[in-house]
Amino acid sequence: MTGPDLAPGEEPRRGVPAATYRLQVHAGFTLADAAEVAGYLADLGVTHAYSSPLLRSAEGSNHGYDTVDHAHIDEARGGQEGFDRFVAALHEQGLGLVLDLVPNHMGVDDPAAAPWWWDVLQHGQASAHAGAFDIDWEFGGGKVRIPVLGSADDVEKLEVVPGGEGGDDAAELRYYDNRFPIAPGTGEGTAQEVHARQNYELVDWRRADSDLNYRRFFAINTLAGLRVEDPAVFDATHELVLRLVRDGAVDGLRIDHPDGLADPKGYLDRLAEASGNRWTVVEKILEPGEDLPDSWATAGTTGYDALAEVDEVLIDPAGEPAITALDTELAGRQVDYAQLVHDCKREVTDGMLGSEVARLVRVIGEQGRAAGDTDAAQQTEALAELLASFGVYRSYLPDGREHLDTTVAAVRERRPDLTAALDALHPALSQAGTEAATRFEQTSGPVMAKGVEDSAYYRWARFVALNEVGGDPAEFGSSVAEFHEAQLRRLDRRPLSMTTLSTHDTKRSEDVRARLAVLAEIPSEWAQLVRGWLARHPLADRTLAHLVWQNLVGAWPLSRERAHAYVEKAAREAGTSTTWTNPVQEFEEQLHALVDAAYDDPTTTAEIEAFVARIAPLGRSNSLSQKLLQLTMPGVPDVYQGTELWDYSLVDPDNRRPVDYALRRELLARLDAGEVPAVDETGAAKLLVVSRVLRARRDHPEWFAGYRPVEVTGSGADHVVAFDRSAEDGNGVVVVATRLPARLAEHGWGDTALQLPNGAWRDLLTGERVVSDVAGVAADALLGKLPVALLVRD
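In this report, the structure presented in the accompanying data block is examined. Per chain, the residues get numbers from 1 upward, laid out in the order the sequence is written. A pLDDT threshold of at least 70 governs which residues receive local features in this predicted model, and a stricter bar of 80 or more applies before side-chain atom pairs are shown or counted, although totals over entire chains, interfaces and linings include all residues. Processing note: side-chain calculations cover all non-hydrogen atoms of the structure and skip hydrogens and water entirely.

Thoughts on empty space enclosed by the protein
Points on a 1 Å grid over protein atoms alone make up a cavity when a 1.4 Å probe fits among them but cannot get out, and a pocket when they form an open set with protein on both sides within 12 Å along at least five of seven lines; lining residues each have an atom within 4 Å of a point. Grid points are joined across faces, edges and corners, and a volume is the space filled by probe spheres set on the points. Summed over the entire model, instances satisfying the criterion amount to five cavities of 30 Å³ or more. Of the pockets and cavities examined, the largest cavity occupies roughly 180 Å³. Those elements that provide at least two residues to the lining of the largest cavity are helix H12 (354-369) and helix H16 (435-459). Every helix listed is a DSSP run of H or I at least four residues long, and every strand listed is a run of E at least two residues long, numbered separately from the N terminus. The greatest single-element share of the lining of the largest cavity, amounting to four residues, is contributed by H16. Throughout this entry, Asp, Glu, Lys and Arg are counted as charged residues, while Ala, Val, Leu, Ile, Met, Phe, Trp, Tyr, Cys and Pro are counted as nonpolar. The remaining residues, Gly among them, count as polar. Its residues assigned to classes, the lining of the largest cavity comprises five nonpolar, six polar and five charged. What the second largest cavity holds in volume is close to 70 Å³. What lines the second largest cavity is Arg22, Tyr50, Arg254, Thr302, Tyr304, Met498, Thr500, Ser502, Thr503, His504, Asp638 and Tyr640. Class assignment for the residues of the lining of the second largest cavity results in four nonpolar, five polar and three charged.

Right, dumping it as structure tokens:
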């Protein structure tokens, strides 16, 4: 096959996507490689490729979120020529392109590779690009502080390296392999004297947490925040991409980290106008029950909210007491997750993001202290408590004002000693558009992300299938009725928002989570295994050990190297027994010994393999249900690269491994030849579900216009999620997915039936025909070959 046939003169379908396929483009998978899979993507059924950032980025970057130059396509990825060939290959197949944009920050790890940053370091506030970066020049004494030295004494290790014919202007200041410019006329004398005259100050890297004077992306010193709210900065950083949009090479946009922008609404308005209102989604993490502001010019989010809705309906709430009891036993106490999150966020405000909190205090200054008898220390403590207690990533004043008001009230009740400071801060933080309010909004998101996603998620190991971006680990599953309610709301509010199950940022892939969901149905069996492993292979941090065992079982079989890489990252992110900045060698040796035991201790290895053999088929059933729900629910579904087959990946970089497209082409050809696969280790059954749903969405968008829950009756009704996507005329698909497969295996379907309109129906997955009568359609007959079905009127 070579993609959808186009009639003479017919335009390729490149408007709003019917479905996208995410590609991670880097030096190991270039634009030329991406062009080679265009035909496969068309055969699979998507309408758009969805690319990671493609602008010039830091050398060796495997993700592209560290743009260093907005005027060029990254040469390591294939450059402009490779991009043109990629787009031509897509267009030949009738496909469009959605491009990932990074407006919030720029990579500055190597100043010589980032022309704007180099110019700012060389010319200081006189640089033409000084206004592009969010720098507090006054706090730095007119200098940019660069946290790169091993210690303050390392100033003695600086060297001046002469340049070419340019004299002083071409000379550079070097610190090992780090290169920095020298301002004109300042190159005379020792390296230390030269350094003292520059528009920047090289400081001990440890000072980043307290003394930096430029805004960063989260706590990453090598990603400097941009002031894209400045129209000139917007124009300069978007010129190339908008030209690609106007030329028809780019059809849709994905906006990275809008929470970091000073004015997300203003940015999206400007982007919509400049792009001709192209389909645009934002990488925005919504807390449960939170909505995007109605005023935003966006189709919706990148889908973490949808991920949570799908995951939760497949988890058995009945397993919560036993799972919680095991966690309490291992931790030695019952964990209060809300308190854990607060404490993790306070570690962030008091530690890695201390520079951002300190800048907030400087900005608010006397404005916030004038209304009450408070000092800077009280103000700092009050701000830290507000940030640690904020229930969402960010409010968007004046939208979301209630989040600020609620948080102020909660902190006032919990910390009456801060009442005066809070009373003084509240007005300052409430005035939309002021620097104080804006900086608070820009800071609350990073505090949430670092405190929750990159800390609490690794410290609370109760049930790691729930510890996922966009989810709430404290919510243990949901009902079918709640799932339906969420989809009706989605259809009403953001029907063109993206949906997803796996991304380059998820903590574990969809299939790992689907397998781990089974543990909620057999919690006693799991607890017995874990106790045995902990007795045999003790680790002082028993909670972390529980996290490790869950992930090993969820991803098994995985290579020893992948397992070791994961546990080291997990332990350092948790920060309870070892850290990135201060690794504890003795503990890490014990941790790696635990991993080795999973491979080298015969009893443990046999138990792991026997248990995985038991739950893997149930996990595959969950995977198929999970995928079918995500692909058919209201929204624009995305498939992360490679996940059309089973993919048992853990957190990055594990989830960015190469994809075997030759295997996928071969399996798809066999399916297209009429094979109905078993639900086995090949993953062909998942490929069948993905390809058939995507093709249906591409070729018959009218089949997915509405949403109505389908009534299920009988003893196994709780094991079915079923809904009708038809419009009012009844012309569309009916989706049927199995849930809680372990409990279902115990008692069977019995008299369970789906109450469909009378008549004949055909399953697009198996090709089989069923008839609905007064009794409906029997579940055991419908779901005999696969645990899912996609029905249309026959």
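Having seen the model, we can carry on.
Focus on unusual backbone geometry
Each neighbour pair has its own omega, and for tryptophan 556 with proline 557 the value is 0 degrees, a cis peptide bond. With respect to the helices and strands, the residue proline 557 is situated in the loop between helix H20 (542-555) and helix H21 (560-574). In this chain, aspartate 652 is followed by proline 653 through a cis amide linkage whose omega measures 5 degrees. The topology assignment puts proline 653 in the loop between strand E18 (636-640) and helix H24 (661-672).

Let's talk about the sheet that holds strand E26 (residues 777-778)
Following DSSP output, two strands are said to pair if at least two bridges run between them. Read from one edge to the other, the open sheet built from three strands follows the order E20-E23-E26, with strand pairing classed as antiparallel. Lying at the two open borders of the sheet, with one neighbouring strand each, are strand E20 (712-713) and E26. As judged from the two bridges shared by strand E23 (residues 753-754) and E26, these two strands associate in the antiparallel manner. Note on E26: the bridge partner recorded for leucine 754 is valine 777.

Examining the sheet that holds E18
The eight strands are arranged E16-E15-E14-E5-E2-E1-E18-E17 in an open sheet whose pairing can be described as parallel. Of all strands in the sheet, those with a lone pairing partner are strand E16 (300-301) and strand E17 (498-499), marking the two edges. Contacts are assigned to residue pairs that have any heavy atoms within 4.5 Å of one another. As a rule, the C-alpha atoms of each element are fitted with a line to give its axis, helices using only the stretch in contact, and angles between N-to-C directions run from 0 to 180 degrees. Strands in contact with helix H23 (residues 602-632) are E17 and E18; relative to E18, the strand with the most contacts, it is inclined by about 140 degrees.

Quick notes on the layout of surface pockets
Taken as a whole, the second largest pocket spans an internal volume of roughly 790 Å³. Lining the second largest pocket are 28 residues, with Pro288, Gly289, Glu309, Ala486 and Arg489 sitting closest to its centre. Those elements giving two or more residues to the lining of the second largest pocket turn out to be E16, helix H9 (304-313) and helix H17 (480-493). No other element matches H17, which puts seven residues into the lining of the second largest pocket. In terms of residue class, the lining of the second largest pocket is made up of six nonpolar, seven polar and 15 charged.

Structural notes on the packing of helix H7 (residues 231-246) against helix H8 (residues 264-275)
Helix-helix packing is described using two parameters, namely the angle between the two axes and the distance between the axes. Viewed as axis vectors pointing N to C, H7 and H8 meet at an angle of 40 degrees, and their least axial separation amounts to 11 Å. Judged by the angle between their axes, H7 and H8 are oblique. Two packed elements cross with a definite hand, and for H7 against H8 that hand is right-handed. On H8, the residues touching Pro231, Phe234, His238, Leu242 and Val245 of H7 are Tyr267, Arg270, Leu271, Ala274 and Ser275. Residues that form the contact of H7 with H8 fall into these classes: seven nonpolar, two polar and one charged. Relative orientations are named as follows: roughly parallel for angles under 35 degrees, roughly antiparallel for angles over 145 degrees, roughly perpendicular for angles from 65 to 115 degrees, and oblique for any other angle. Each crossing gets its hand from how the near helix is turned against the far one by less than a right angle, where anticlockwise is left-handed and clockwise is right-handed.

Some details on the side chain of glutamine 626
In this structure, glutamine 626 sits in helix H23. Two N or O atoms form a polar contact when they lie within 3.5 Å of each other; inside protein one atom must be a possible hydrogen donor and the other a possible acceptor, and for residues adjacent in sequence the pair counts only when both atoms belong to side chains. Only 3.5 Å separates the side chain of glutamine 626 from the backbone oxygen of glutamate 510, close enough to count as a polar contact. Setting aside anything within four residues of it in sequence, one finds glutamine 626 in contact with Val310, Asp311, Leu314, Leu501, Glu510, Asp511, Arg513 and Ala514.

Overview of the packing of aromatic side chains
Any two rings among Phe, Tyr and Trp, with Trp reduced to its six-membered ring, count as a pair given centres within 6.5 Å; such a pair is stacked if its planes are under 30 degrees apart, edge-to-face if over 60, and tilted if neither. Applying the stated criterion across every chain, the model contains 19 aromatic pairs. Relative to tyrosine 661, the ring of phenylalanine 29 has its centre 6.2 Å away and its plane inclined at 35 degrees; by these criteria the two rings are tilted. One end of the pair, phenylalanine 29, is in the loop between strand E1 (20-23) and helix H1 (31-36); the other, tyrosine 661, is in helix H24, and 632 residues separate them in sequence. Each of the two residues, phenylalanine 29 as well as tyrosine 661, counts as buried. Between tryptophan 117 and tyrosine 214, the aromatic rings sit 5.5 Å apart at their centres with planes inclined by 65 degrees, giving edge-to-face as the arrangement. Within this pair, whereas tryptophan 117 is found in helix H4 (residues 115-123), its partner tyrosine 214 is found in the loop between helix H6 (208-211) and strand E12 (216-217), the two being separated by 97 residues in sequence. Per residue, the accessibility class of tryptophan 117 equals that of tyrosine 214, and both read buried. Burial classification: accessible surface area is computed with a 1.4 Å probe over protein chains only, and a residue below 20% of its type maximum counts as buried, one above 50% as exposed, and the rest as partly exposed.

Section: the pattern of salt bridges
We count a salt bridge whenever a side-chain nitrogen from Lys or Arg sits within 4 Å of a carboxyl oxygen from Asp or Glu. Tallied over the entire structure, the rule returns 71 salt bridges. Here arginine 346 makes a salt bridge to aspartate 350, at a shortest N to O gap of 3.1 Å. In this pair, arginine 346 and aspartate 350 are both assigned in helix H11 (residues 337-350), four residues apart and thus about one turn of the helix distant. When its relative accessible area of 12% is taken as the criterion, arginine 346 is described as buried.

Observations regarding the nonpolar core
Leu23, Phe83 and Leu629 are the most contacted members of the largest nonpolar core, which totals 146 residues. Apart from residues lying up to four places away in sequence, leucine 23 is in contact with Phe29, Ala34, Val37, Leu41, Ala49, Tyr50, Ser51, Ser52, Phe86, Gln641 and Tyr661. Residues belong to one nonpolar core when they are buried, are Ala, Val, Leu, Ile, Met, Phe, Trp, Tyr or Cys, and are joined through side-chain atoms within 4.5 Å.

Details of the environment of alanine 34
On the secondary structure map, alanine 34 appears in helix H1. Separated by 695 residues in sequence, alanine 34 and aspartate 729 place their C-alpha atoms 40 Å apart. Sequence-distant contacts of alanine 34, that is, excluding residues within four places in its chain, are made with Leu23, Phe29 and Phe86.

Description of the pairing of E18
In summary, the side chains of a regular strand alternate between the two faces of the sheet. With five of five residues buried, E18 is to be regarded as a mostly interior element. Of the two faces of E18, both are covered, the one formed by Val636, Asp638 and Tyr640 as well as the one formed by Pro637 and Val639. In this sheet, E18 lies alongside E1 in parallel orientation, the contact comprising three bridges. Within E18, the position partnered with arginine 22 by the bridge is tyrosine 640. Sheet topology places E17 next to E18; two bridges connect them, and they run parallel. The residue bridging methionine 498 from the neighbouring strand is valine 636, located in E18.

Honestly, that's just the spatial picture; any functional story needs more than this.
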